[in-house]
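Chain by chain, the residues run as shown.
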Amino acid sequence: MLPSLLGAHPISQLSNHHRAGVAAVLFLLEPIRRPFHAPIPLNPSLYSLWNGCRSIAGRIVTGKPLGPVPFQANVELLRLFLTNREDIVESIEAVLNAQRKPIRYLRDHSLLSRHFEDCFFARTAVTASQTRLRGQLEEAHWAGGFRPRQVQDLHNDLIHPAEMMIRGFHCWQQTRWPGRNGRMHYAHTLFNLYVIRCLLFLSIRLWVACPNGEGPDSSATGRLAEIQGLLDELWRSSPANQPVIVRDARWLIPLAQSSITDELAPYFEVAQHITETLQKADLLEIRKAHVRMIGGHLTSQIRYYCTKEGVSINEHSVVLRTRTSNALDFALLVQGLVELLKAYDCAFESGDERMRLDMAGAICQGISADPELFLNRVDLLSAYSMIEHVFIAPRAIEEAGEGHVVYSPAGQRHVQLLKEYRALIDRLIKSLRDDFPRFRPVDGGCSPYGVIFGLPSHLIEHMALKALQHDAETRFSLEDVFDDRDTSAAKLAWVNGWRKLPHIDPEVQRLYDYPQQFAEDVYHRLESELSEASLAKPRDSNGAPCDGSTTGRLYIVSGDDPEFDLEKPDSKASVIPELPARYFHSSDRQIVAAHKAEPFDRAQLLAGRREGHFLVSYETPGGWIALKKDLLTEVLGAGRDARIVGLPLDAAQVLRLMCTDLVIPENVADQASVPPSIGNAGPVIATASSEAKK
């Protein structure tokens, strides 16, 4: 849930969720062969745990519709694997005994994946029906919309034993190949990773109907309890010197959504399932885990940009980039924060201090990446979190008819959650400010604000790779990464220890040590926005504090409006400056030639549309045109109004729904002036009469 950070999208523009933050996956696996004095460039391989070779998926998914994947049958299969753990681990050790194999074998993800799974299926007393389950969970996960996008130089997938086997081989090649005991130790780690991967897939199938209501309890709550039982048994059967990677089955659900994908709608479908089918305590824990993971992912993205460009956390370019590329992450944060704020409110009223502080810590982690947006500019947050093709569905447009665009069901739910969020944050801001000092980073300790990672699944990769060493810390798990109550030196050493492996250049290790100053910068920025929000006067109907900090409005005029009169423009609307052309991207050469938009590659524009980078986008006779979200901060956020004219009727309606808090009433906007259109180029945007100030 979280696709940019490697130079393009919610991780270089990679992340949807952001998801933009493969911001700092901490260290390079291959040694850096350069003079010691040379600076270390920030490049993708420093942020992924990439091993230097091109990785491909271990299995081809056909994309054909799948029949029901039986939940209970997969649970029974995993129980069989756990019962036969020792035999399976012996087989895995034999695969790891590969020091005399050619390099190509040691880097063949597909081949190693097959050999690894053979250790489970070919050497265990599985039935014919159980054998047919092989690979079905992964294929069902992908078919459900969570297929990982191929990303150059980045392992974008849930934790995969074959990938971690390749990384182990690389480490041993650079140092020395271990004996049988060392291989057995790592074989147990890989066994654990395989079971966790299967449980991740199962966690997203709690709501999928199966024939005859199979299982002792076919409810989502009952299935979640079965997954927890398997997870508990996994750690009971694991040797004491193995890291307990994740303890709480509820954390598997957001973790299973942490890859960069092309589809965004499934994240909201899962969120709705969670709300509708799980008990309140489970719902709250899942939301808390998701909010913390997204918050950490986004602050990691910021850390990456700041380090790469040598700028401060408040640098305008960093703020603009992260806001534009993280529509999915922002939308998911809103959904999670509403639940946490409600729980915080109840705990405050009932005097439950433990619950209150637990919720406060998670809330602050969630909003830490952009506290101004989440605390003081909720009107802008509303538009930044909108995803055009998810919240305003083409089917809804077709059914409603031209000029009568409506929200999709997911859009209606999101708009309602935004209203709830605004009311809750306004009411609880002073209490949050009072609780916030408890989460201040301390010297020599570890704050969640300073734990840098790319995707949440990369945290598991760090723990798993560190298990190559017998003395690796085993007291902490994934949940502890985000625990703001434990700021101990021991946890700091654990986090820093992920990068301290014998084949990692010491210079690289130092470069990615826990950033104490960055953690403090995140804290102080959040502290400042909390103080400003809690001291602000009551807000007006537009959501802006009534203290002089105003937000500009959009005057939207459709070029298709039959009631629009070019000869009689409204004098008030006509003085509003037209939005500069630089806020429009287009692949239509005629529009670009007329200086109505900046040129943009069609494939990139459509990719940005898919990720929610734009406020509205539509096809023209010669290509596509899109309105950038940058104007939210640079124009409206700066208190200036802007006029947009010449939009097709449907596009104008979409834009009004995307920016519902930021547009003036339609009957006023439609009186603004419209300049002549461009020949046969179709509906276009008017050239700016004055450039908005950067």
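Residues numbered from 1 in each chain as written. Predicted model: local features only at pLDDT ≥ 70, side-chain atom pairs only at ≥ 80, totals over all residues. Heavy atoms only, no water.

**Comments concerning the overall build of the protein**
And step 1. In terms of regular secondary structure, the protein is built from 32 helices and six strands.
And step 2. For the protein, the computed accessible surface area is about 26300 Å², with 50% contributed by carbon and sulfur atoms. (Helix = DSSP H or I, 4+ residues; strand = E, 2+ residues; numbered from the N terminus. Areas by Shrake-Rupley, 256 points an atom, 1.4 Å probe, with all protein chains shown as cover.)

**Details of empty space enclosed by the protein**
To find leftover empty space, one rolls a probe the size of a water molecule over the atoms.
And step 1. Each pocket or cavity is described by its volume, and for the second largest cavity that value is around 80 Å³.
And step 2. Around the second largest cavity sit Gln257, Tyr267, Val270, Ala271, Ile274, Arg287, His290, Val291, Leu332, Gln335 and Gly336, which together line it.
And step 3. Of all the elements, helix α12 (residues 265-277) adds the most residues to the lining of the second largest cavity, at four residues.
And step 4. In terms of residue class, the lining of the second largest cavity is made up of six nonpolar, four polar and one charged. (1 Å grid on protein atoms, 1.4 Å probe; cavity = no way out; pocket = protein on both sides within 12 Å on 5 of 7 lines; lining within 4 Å. Points joined across faces, edges and corners; volume = space filled by probe spheres on them. Nonpolar A, V, L, I, M, F, W, Y, C, P; charged D, E, K, R; others polar.)

**As for the nonpolar core**
And step 1. Ile92, Phe120, Phe374, Tyr421, Leu627 and Leu631 are the most contacted members of the largest nonpolar core, which totals 195 residues.
And step 2. If you tally residues by element for this core, the top one is helix α9 (residues 180-203), at 14 residues.
And step 3. When sequence neighbours within four positions are dropped, the list of residues in contact with tyrosine 421 reads Val334, Leu337, Val338, Leu341, Ile367, Phe374, Val378 and Leu381. (Core = buried A, V, L, I, M, F, W, Y, C linked by side-chain atoms within 4.5 Å. Buried < 20%, exposed > 50% of the residue type's maximum accessible area, 1.4 Å probe, protein only. Contact = heavy atoms within 4.5 Å.)

**Side note on the confidence of the model for the protein**
And step 1. For the protein, the mean per-residue pLDDT works out to 83, and 79% of the residues sit at or above 70.
And step 2. Below a pLDDT of 50 lies the segment residues 211-216, which in the model reaches nine contacts outside its immediate sequence neighbourhood of four places, other chains included.
And step 3. Confidence drops under pLDDT 50 across residues 562-567; counting only partners more than four residues distant or on other chains, this segment forms seven contacts. (pLDDT = per-residue confidence, 0-100.)

**Quick look at the pattern of salt bridges**
And step 1. Going through the model one piece at a time under the given rule, you end up with 38 salt bridges.
And step 2. A salt bridge links arginine 180 to glutamate 93; its shortest N-O distance comes to 3.4 Å. You can see arginine 180 sitting in helix α9 and its partner glutamate 93 sitting in helix α3 (residues 85-96), a full 87 residues away along the chain.
And step 3. The partly exposed category is assigned to arginine 180, whose relative accessible area is 40%.
And step 4. Across the pair aspartate 513 and lysine 500 runs a salt bridge, and its minimum N-O distance is 3.9 Å. You can see aspartate 513 sitting in the loop between α25 (506-511) and α26 (516-535) and its partner lysine 500 sitting in the loop between α24 (489-497) and α25, a full 13 residues away along the chain.
And step 5. Accessibility expressed as a relative area gives 28% for aspartate 513, which makes it partly exposed.
And step 6. With relative accessibility at 38%, the residue lysine 500 sits in the partly exposed group. (Salt bridge = Lys/Arg side-chain N within 4 Å of Asp/Glu carboxyl O.)

**Notes on the environment of valine 451**
And step 1. For valine 451, the position within the fold is in the loop between α21 (409-435) and α22 (456-466).
And step 2. A residue is classified by how much of its surface remains accessible, and valine 451, at 1% relative accessible area, is buried.
And step 3. Separated by 65 residues in the primary sequence, valine 451 and glutamine 516 place their C-alpha atoms 9.5 Å from one another.
And step 4. Setting aside its immediate chain neighbours within four residues, valine 451 contacts Ser300, Cys446, Leu459, Val481, Trp498 and Tyr514.

**Structural notes on the side chain of arginine 197**
And step 1. Looking at the secondary structure, you find arginine 197 in helix α9.
And step 2. At a separation of 3.3 Å, a polar atom in the side chain of arginine 197 contacts the side chain of aspartate 157.
And step 3. Apart from residues lying up to four places away in sequence, arginine 197 is in contact with Glu138, Asp157, Leu158, Ile159, His160 and Pro161. (Polar contact = N/O pair within 3.5 Å; in protein donor to acceptor, adjacent residues only side chain to side chain.)

**Points about the packing of α3 against helix α5 (residues 109-121)**
And step 1. Packing of α3 against α5 brings their axes to within 8 Å, and their N-to-C directions diverge by 155 degrees. Relative to α5, the element α3 lies roughly antiparallel. Considering the relative orientation of α3 and α5, their crossing is right-handed. Here α3 contributes Ile88, Ser91, Ile92 and Val95 to the contact with α5, which in turn contributes His115, Phe116, Cys119 and Phe120.
And step 2. By residue class, the composition of the contact of α3 with α5 is six nonpolar, two polar and no charged. (Axes fitted to C-alpha atoms, helices over the stretch in contact; angles between N-to-C directions. Parallel < 35°, antiparallel > 145°, perpendicular 65-115°, else oblique. Left-handed = near helix turned anticlockwise from the far one by under 90°.)

**Brief notes about the packing of helix α8 (residues 161-174) against α22**
And step 1. With their axes 10 Å apart at the nearest point, α8 and α22 run at an angle of 45 degrees to one another. One way to sum up the angle between α8 and α22 is to call them oblique. Of the two elements, α8 crosses α22, and the hand of that crossing is right-handed. Along its contact with α8, which presents Met164, Arg167 and Gly168, the element α22 presents Glu461, Ala464 and Leu465.
And step 2. Residues of the contact of α8 with α22, tallied by class, amount to three nonpolar, one polar and two charged.

**Considering the pairing of strand β6 (residues 642-647)**
And step 1. Where burial is concerned, most of β6 is hidden: six out of the six residues are buried.
And step 2. Of the pairings in the sheet, the one linking strand β1 (residues 554-558) to β6 comprises five bridges and is parallel in character. Paired with isoleucine 556 across the strands is isoleucine 644, a residue of β6. (Pairing = 2+ DSSP bridges.)

**What about unusual backbone geometry?**
And step 1. The backbone phi angle of histidine 595 is positive, close to 60 degrees, even though this residue is not glycine.
And step 2. Examined against the element boundaries, histidine 595 turns out to sit in the loop between α28 (589-593) and β3 (598-599).

**Observations regarding the sheet that holds strand β5 (residues 623-628)**
The pairing of strands in a sheet comes from backbone hydrogen bonds and takes either a parallel or an antiparallel form.
And step 1. Strand order across the open sheet formed by four strands is β3-β2-β5-β4, with mixed pairing between neighbours. Because the sheet does not close on itself, it has two edges, and the strands there are β3 and β4 (614-620).
And step 2. Those strands touched by helix α29 (residues 602-611) are β2 (584-586), β4 and β5, and its axis lies near 50 degrees from that of β5.
And step 3. Against the sheet, helix α31 (residues 649-658) touches β4 and β5, its axis set at about 170 degrees to β4.

**Concerning the packing of aromatic side chains**
And step 1. Tallied over the full model, the rule gives 21 aromatic pairs.
And step 2. Centroid distance phenylalanine 476 to tryptophan 494: 5.1 Å. Interplanar angle 35 degrees. Geometry classified as tilted. Of this pair, phenylalanine 476 sits in the loop between α22 and α23 (478-481) while tryptophan 494 sits in helix α24, and the two are 18 residues apart along the sequence.
And step 3. Feature note: the residues Phe81, Phe116, Phe120, Phe121, Phe191 and Tyr194 constitute an aromatic cluster, connected by ring pairs.
And step 4. Sitting over the face of the ring of tyrosine 105, lysine 101 holds its NZ or CZ atom 5.1 Å from the ring centroid.
And step 5. If you follow arginine 223 out to its NZ or CZ, it ends over the ring of phenylalanine 71, 4.9 Å from the centre. (Phe/Tyr/Trp six-rings, centres within 6.5 Å; stacked < 30°, edge-to-face > 60°. Lys NZ or Arg CZ within 6 Å of the ring centre and 35° of its normal.)

**So, the pairing of β4**
And step 1. Most of β4 is tucked away, with six of its seven residues classed as buried.
And step 2. Here β4 runs beside β5; their pairing, made up of six bridges, is antiparallel. Within β5, the position partnered with tyrosine 618 by the bridge is isoleucine 625.
And step 3. The hairpin formed by β4 and β5 contains two residues between the paired strands.

**Examining the environment of tyrosine 449**
And step 1. Mapped onto the secondary structure, tyrosine 449 falls in the loop between α21 and α22.
And step 2. In the structure, tyrosine 449 is positioned 69 residues away from phenylalanine 518 in sequence and 7.8 Å away in space, judged by C-alpha atoms.
And step 3. For tyrosine 449, the residues in contact, after removing those within four places along its chain, are Cys364, Gln365, Ser368, Phe436, Phe439, Pro441, Phe518, Ala519, Val522, Tyr523 and Leu526.

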